[in-house]
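This is what each chain is made of:
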Amino acid sequence: MLDAHLVVDRGTFRLDLPLTIRPGEVVALLGPNGAGKTTALRALAGLLPLTDGHLNLTGRHLDHPGRRIWIPTERRPIGVVFQDYLLFPHLTALDNVAFGPRRQGLDRQRARQRAADWLARVGLAEHARRKPRQLSGGQAQRVALARALAVEPALLLLDEPLAALDARTRLDTRAQLQHHLAGHPGATLLVTHDPVDAVVLADRLVIIEGGQVVQEGDVTTVTAQPRTDYVARLVGLNLYRGHADGHLVLITDGFPLVTNDRQDGDVFVAFAPSAVALHPHRPEGSPRNTWPATVVGVQRHGDNLRVQLDGRVTVAADITPAAAAHLRLAPGQTLWVAVKAAETRVYPAAAAATGAG
Ligand SMILES: Nc1ncnc2c1ncn2[C@@H]1O[C@H](COP(=O)(O)OP(=O)(O)OP(=O)(O)O)[C@@H](O)[C@H]1O
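Reading the values: rules and limits
- Residues numbered from 1 in each chain as written.
- Predicted model: local features only at pLDDT ≥ 70, side-chain atom pairs only at ≥ 80, totals over all residues.
- Near = placed C-beta within 6 Å.
- Helix = DSSP H or I, 4+ residues; strand = E, 2+ residues; numbered from the N terminus.
- Nonpolar A, V, L, I, M, F, W, Y, C, P; charged D, E, K, R; others polar.
- Pairing = 2+ DSSP bridges.
- Axes fitted to C-alpha atoms, helices over the stretch in contact; angles between N-to-C directions.
- Contact = placed C-beta atoms within 7 Å.
- Domains from an automatic or database assignment.
- Buried ≥ 20, exposed ≤ 12 C-beta atoms within 10 Å, placed from the backbone.
- pLDDT = per-residue confidence, 0-100.

### Comments concerning the site of the ligand
Part 1 of the argument: Neighbouring residues of the ligand: Arg10, Gly11, Phe13, Gly31, Asn33, Gly34, Ala35, Gly36, Lys37, Thr38 and Thr39.
Part 2 of the argument: By residue number, the principal contributor to the shell around the ligand is helix α1 (residues 37-45), which donates 3 residues.
Part 3 of the argument: In terms of residue class, the shell around the ligand is made up of 2 nonpolar, 7 polar and 2 charged.

Following this line, the structure appears as structure tokens:
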């Protein structure tokens, strides 16, 4: 459905992103600040021209610098939900949604009928006559979604669609969005910072850093085997790169980790913060992966506390509030870290089917 290679130069920054999305598929585009997500979105929407590469949607070129093809925004079969929705403030919800169908050539009556249908689908039939300022954040989000879908787009672009909502509204709106995306026959690209949005809403993740794909794949694979620090933080794992010799992996400065998995050569080692135990003293008869470390930070993490520790290697540990009280946890304190070999995962650093690495 979408077959693109987006190459965009912006000053010294270059986005170089191959991207394909099948009909009905939802792809989440993730990456740290400045990775190029907005650039990709703007190139797809026709707000930025490609420097090179191509953008083909349902077999039609929308942008192809090599062939001097450029289709402007308003003639692209694309619907966009912007982060702050960008509803027309002077138009009612109904007229906001009818705007796209009108521009596609539907007469006023048909366009309003289609808009009314879409508002009903997103559960806002009775709010049709309201102006955007008379809508709550969650309602405005649903009007924006109805407006994007009312043009029956081949490609739906969602730019941080839930970022402006409070936690409670976000939960409800995410569930509704999931329902509407499941019914959308076209391709969907979701740009987000929120790993929960990505995991709940997307079939596939594409992660970019510095304008390039660093990892892509289905949610299970990416979360089980992160390949960069950004992805590891995103999915909440401790990640190290090292050199394996059987069950021994030497990471930064030759620091040794014993693992259950056997590997040889360049590898990643990952383990969950919940697999890290903290002790006030060196544990006796202990697991082999034990080292002293200094507490540098503590945050709430669900029902537990996530403790950041520095030392020969940095590590995050999740512990219960009871364990924290027992340890009398305080910044600057030295503790002993222990990680069981059985809790570690080791996989080759050379990228396989996951794309670039
Ligand atoms: N108008 C511009 N001129 C030159 N460089 C730009 C321009 N806009 C953005 N850039 C650069 O392009 C790169 C990618 O920016 P982009 O906004 O696409 O990143 P992003 O992934 O969307 O980031 P964020 O998550 O912070 O929104 C950045 O290095 C940025 O400095």
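Moving on from the coordinates now.
### Observations concerning the sheet that holds strand β14 (residues 276-279)
Part 1 of the argument: The sheet built from 5 strands is open, its strands ordered β14-β18-β15-β16-β17 with antiparallel pairing. Of all the strands in the sheet, the pair left with one neighbour each is β14 and β17 (315-319). Across the sheet, the axes of successive neighbouring strands diverge by a mean angle of 45°, strand direction being ignored.
Part 2 of the argument: Pairing of strand β16 (residues 304-311) with β17, which is carried by 5 bridges, proceeds in the antiparallel orientation. Of the residues in β17, the one forming a bridge with Arg306 is Asp318.

### Digging into the sheet that holds strand β19 (residues 345-348)
Part 1 of the argument: Read across the sheet, 3 strands follow the order β12-β13-β19 without closing on themselves; strand pairing throughout is antiparallel. The outermost strands of the open sheet, each flanked by one partner alone, are β12 (238-251) and β19. Here the average twist between neighbouring strands, direction ignored, is 45°.

### Observations regarding the environment of Gln308
Part 1 of the argument: With respect to the helices and strands, the residue Gln308 is situated in strand β16.
Part 2 of the argument: In this structure the C-alpha to C-alpha distance between Gln308 and Arg60, which are 248 residues apart in sequence, comes to 50 Å.
Part 3 of the argument: For Gln308, the contacting residues outside a window of four places in its chain are Val296, Gly297 and Ala316.

### Regarding the domain arrangement of the chain
Part 1 of the argument: Along its sequence, the chain is carved into domain 1 (2-229) and domain 2 (237-348).
Part 2 of the argument: Look at where the C-alpha atoms of domain 1 and domain 2 centre, and you get two points 39 Å apart.
Part 3 of the argument: The partner domain 2 presents 5 residues to the 4 residues of domain 1 that form the contact.

### Observations concerning the environment of His61
Part 1 of the argument: Here His61 shows up in strand β5 (residues 60-64).
Part 2 of the argument: Its 15 C-beta neighbours within 10 Å are what place His61 among the partly exposed residues.
Part 3 of the argument: Along the backbone, His61 and Ile71 are 10 residues apart, and their C-alpha atoms lie at a distance of 8.0 Å.
Part 4 of the argument: With residues near it in sequence (within four places) discarded, His61 still touches His54, Asn56, Arg67 and Ile69.

### Quick notes on the confidence of the model for the chain
Part 1 of the argument: Here the chain averages 91 in pLDDT, and 97% of its residues register 70 or above.
Part 2 of the argument: Low confidence marks residues 353-357, where pLDDT is under 50. Its contacts with residues over four positions away, or in another chain, come to 17 contacts.
Part 3 of the argument: On the interface metric, ipTM, the complex scores 0.94, and its pTM is 0.84.

### Digging into the environment of Leu47
Part 1 of the argument: Within the secondary structure layout, Leu47 lies in the loop between α1 and β4 (52-57).
Part 2 of the argument: Through-space distance from the C-alpha of Leu47 to that of Val337 is 50 Å; in sequence the pair is 290 residues apart.

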